[in-house]
Amino acid sequence: NCTCDVGYRDTDGACVPCSAGRYKDATGPQACTECPVDTYSTTLAAVSAAACLPCQANSTTMNHTGRFYARACACDAGFRHNGTQAECIACSPGYFNPARNRTECSTCAAGKFSTEAAAVSNATCEDCGLHEYSDHGAAECEPCPDNAVTLSSASSDVFECLCDLGFSGPDGGECTACGAGEYKQDVGAAPCDQCPPHSWHNLSNASSPAQCLCNAGYFGIVSEHYSAPVVSQLRATSYDHGTSPAP
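Conventions and cut-offs
- Residues numbered from 1 in each chain as written.
- Predicted model: local features only at pLDDT ≥ 70, side-chain atom pairs only at ≥ 80, totals over all residues.
- Heavy atoms only, no water.
- Disulfide = S-S within 2.5 Å.
- Helix = DSSP H or I, 4+ residues; strand = E, 2+ residues; numbered from the N terminus.
- Buried < 20%, exposed > 50% of the residue type's maximum accessible area, 1.4 Å probe, protein only.

Undergrad: Explain the state of the cysteines here, please?
TA: Here a disulfide denotes a covalent bond joining the sulfur atom of one cysteine to the sulfur atom of another. Tallied over the full model, the rule gives twelve disulfides. In this model, C18 is linked to C32 through a disulfide, with the two sulfur atoms separated by 2.0 Å. What sets the handedness of the C18 and C32 disulfide is the S-S torsion sign, and at about -85° it is left-handed. With C18 in the loop between β2 (14-17) and β3 (22-23) and C32 in the loop between β3 and β4 (33-34), the pair connects residues that are 14 residues apart, well separated along the chain. Given a relative accessible area of 13%, C32 falls into the buried group. Residue C195 pairs covalently with C212 via a disulfide, S to S 2.0 Å. Disulfide C195 to C212: torsion about the S-S bond roughly -80°, handedness left-handed. Here C195 is found in the loop between β22 (193-194) and β23 (199-200), whereas its partner C212 is found in the loop between β23 and β24 (213-214), with 17 residues between them in sequence. Considered together, C195 and C212 belong to a single accessibility category, that of buried residues.

As structure tokens, then:
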């Protein structure tokens, strides 16, 4: 009697090849055997288990047998598929992947960073510290420009970097020290204030009006709570003393 050869199975009296993902290593009418878990085979009429190739590193068939192409091996959490290639790539620092069989890793949120590769959770994403910031997917936080500070941790944009006391400049930009006879007692983009009338100092980046000393011929102490009058206040004071306000 005729019987089906290795690599072939009997179907209604006809011998047909084992499909990809299966093999048959003996003659006879028996069914083809599925490739085991975490293997696959693209070979038709395979005659041995040697045709079953191991999944690429860091992947699994998730307990399925008889897989017939490489992408049937799902990349583990912390890894992503490399397009159509049979390759699992670790998520880079600043990224994570909580699930199997994904083609993209998720990013740590802006204001956070992660140094861990192949991360499986956003628990690895840590807040940036004071005076630094980050965009999405950061492996490290960027420091603020020189002489700039943030008001809190986890800053997500350079514009949250504000010029420190004694320095002036745009948010997120270069901070320039207040010069002689000037001071700035608040964080932010405001310009430096002038020392009160009849006072001066030769310091750089002064942060308090109390650093202004009375000029020769004048005496007193400038309070750290002194506030420079705004132009409208000066005009009102001038008018109150019987002179016309400036046009």
